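Letter by letter, the chains look like this.
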Amino acid sequence: MADRDTQPRASTQTEFHRGVTRRGLLIGSGALAGAWLLAPRALRAAGDYALDATTVEALRTSPLVYISPLLRSGAESRCHGEVWFFFDRGGVVIFTARDRWKARAVEAGRDRARLWVGDFGPVGRAGDRFRSAPSFEARAEIETRVDVFERLMSTFAIRYADEWSRWQPRFQQGFEDGSRVMIRYTPIGA
């Protein structure tokens, strides 16, 4: 019978590389994942732009955003409009008819826009008052995910409750038949 002290010990932890154990690797990975989730958003993804607190508060409380697609030169287009929106995962999502200028601009490759957050009434009567509101530049893209549409519908039902019974069927039908699109505006600068 061999002496126990001279036998190689069976490790209860598998060693991967000079002292790194599976348990240590799992603990370290969990700590890194936790730090990643707790880190400011701007540190987590290259190119993300953190909106200031005033703009975020306006996005939470305002019923409207005013949008102008930007030309390739960076100048605002002549088209400006107010629109319902919801603030979703750091970006603004709107729902509009596919043949309207906001959707046509994105589909034509004009994927940058300037947004102002506030309620100054219809843009035609607002004059330039909306320009005093918190604003940011954003990258625009057509959003097609069903889960985003479902969040939009739930949010709009609460946020625009007074008019929702009239608009909900139009939005649902427009999403189903493709005559309306969601556009996501992701902030890229102030």
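About the thresholds
- Residues numbered from 1 in each chain as written.
- Predicted model: local features only at pLDDT ≥ 70, side-chain atom pairs only at ≥ 80, totals over all residues.
- Heavy atoms only, no water.
- Buried < 20%, exposed > 50% of the residue type's maximum accessible area, 1.4 Å probe, protein only.
- Helix = DSSP H or I, 4+ residues; strand = E, 2+ residues; numbered from the N terminus.
- Pairing = 2+ DSSP bridges.
- Core = buried A, V, L, I, M, F, W, Y, C linked by side-chain atoms within 4.5 Å.
- Contact = heavy atoms within 4.5 Å.
- Axes fitted to C-alpha atoms, helices over the stretch in contact; angles between N-to-C directions.
- Expected span 1.5 Å × (residues − 1).
- Arc of directions from axis to C-beta.
- Bend = angle between axes of the 7 residues up to and from the residue.

> Would you mind going over the pairing of strand β7 (residues 112-117) with me for this structure?
Successive side chains on a regular strand alternate, one facing one side of the sheet and the next facing the other. Buried residues dominate β7, accounting for five of its six residues. With five bridges joining them, strand β3 (residues 65-69) and β7 adopt antiparallel strand pairing. Each bridged residue has a counterpart across the sheet, and for Val65 the counterpart in β7 is Val117.

> In this structure, what is going on with the nonpolar core? I would like to understand it.
A general tendency of soluble globular proteins is for nonpolar side chains to be buried together. Ranked by internal contacts, the top residues of the largest apolar core, which has 40 residues, are Val65, Val92, Leu115, Leu152 and Tyr185. In terms of residue count, the dominant contributor to this core is helix α6 (residues 146-159) (five residues). When sequence neighbours within four positions are dropped, the list of residues in contact with Val65 reads Leu59, Gly81, Glu82, Val83, Phe85, Val92, Leu115, Trp116, Val117 and Gly118.

> I tried to follow the sheet that holds β3 on my own but got confused; where do I start?
Strands belonging to one sheet form pairs held by backbone hydrogen bonds; the direction of such a pair is parallel or antiparallel. The antiparallel open sheet is built from seven strands, whose spatial order is β4-β3-β7-β8-β9-β6-β5. Of all the strands in the sheet, the pair left with one neighbour each is β4 (81-83) and β5 (86-88). Within the sheet, the average angular offset between the axes of one strand and its neighbour, ignoring direction, is 40 degrees. Sheet analysis places β5 next to strand β6 (residues 91-97), joined by three bridges and oriented antiparallel. The residue bridging Asp88 from the neighbouring strand is Gly91, located in β6.

> I keep staring at α6 and nothing clicks. Help me out?
One turn of an α-helix holds 3.6 residues; hence residues three or four places apart share an orientation. In this model, α6 (14 residues) spans 20 Å end to end at C-alpha, consistent with the 20 Å of a helix rising 1.5 Å per residue. The complete set of buried residues in α6 reads Val148, Phe149, Leu152, Met153 and Phe156. The buried residues of α6 occupy one face: seen down the axis, they fall within an arc of 140 degrees.

> Help me understand helix α7 (residues 161-177), please; the structure alone is not making it clear to me.
The terminal C-alpha atoms of α7 lie 24 Å apart, and with 17 residues this matches the ideal 24 Å at 1.5 Å per residue to within 8%. At Trp167, α7 shows its largest kink, close to 50 degrees, and the proline Pro169 lies no more than four residues downstream. Buried residues belonging to α7 abut β6, α6 and β9 (180-189). Where α7 terminates, the next one or two residues include Gly178, which has phi positive at roughly 80 degrees.

> Honestly, unusual backbone geometry in this entry has me stumped. Any pointers?
Comment: phi is negative for the bulk of residues other than glycine, and the bulk of peptide bonds are trans. One non-glycine residue, Arg89, adopts positive backbone phi at about 55 degrees. Along the chain, the position of Arg89 falls in the loop between β5 and β6. Given a relative accessible area of 58%, Arg89 falls into the exposed group.

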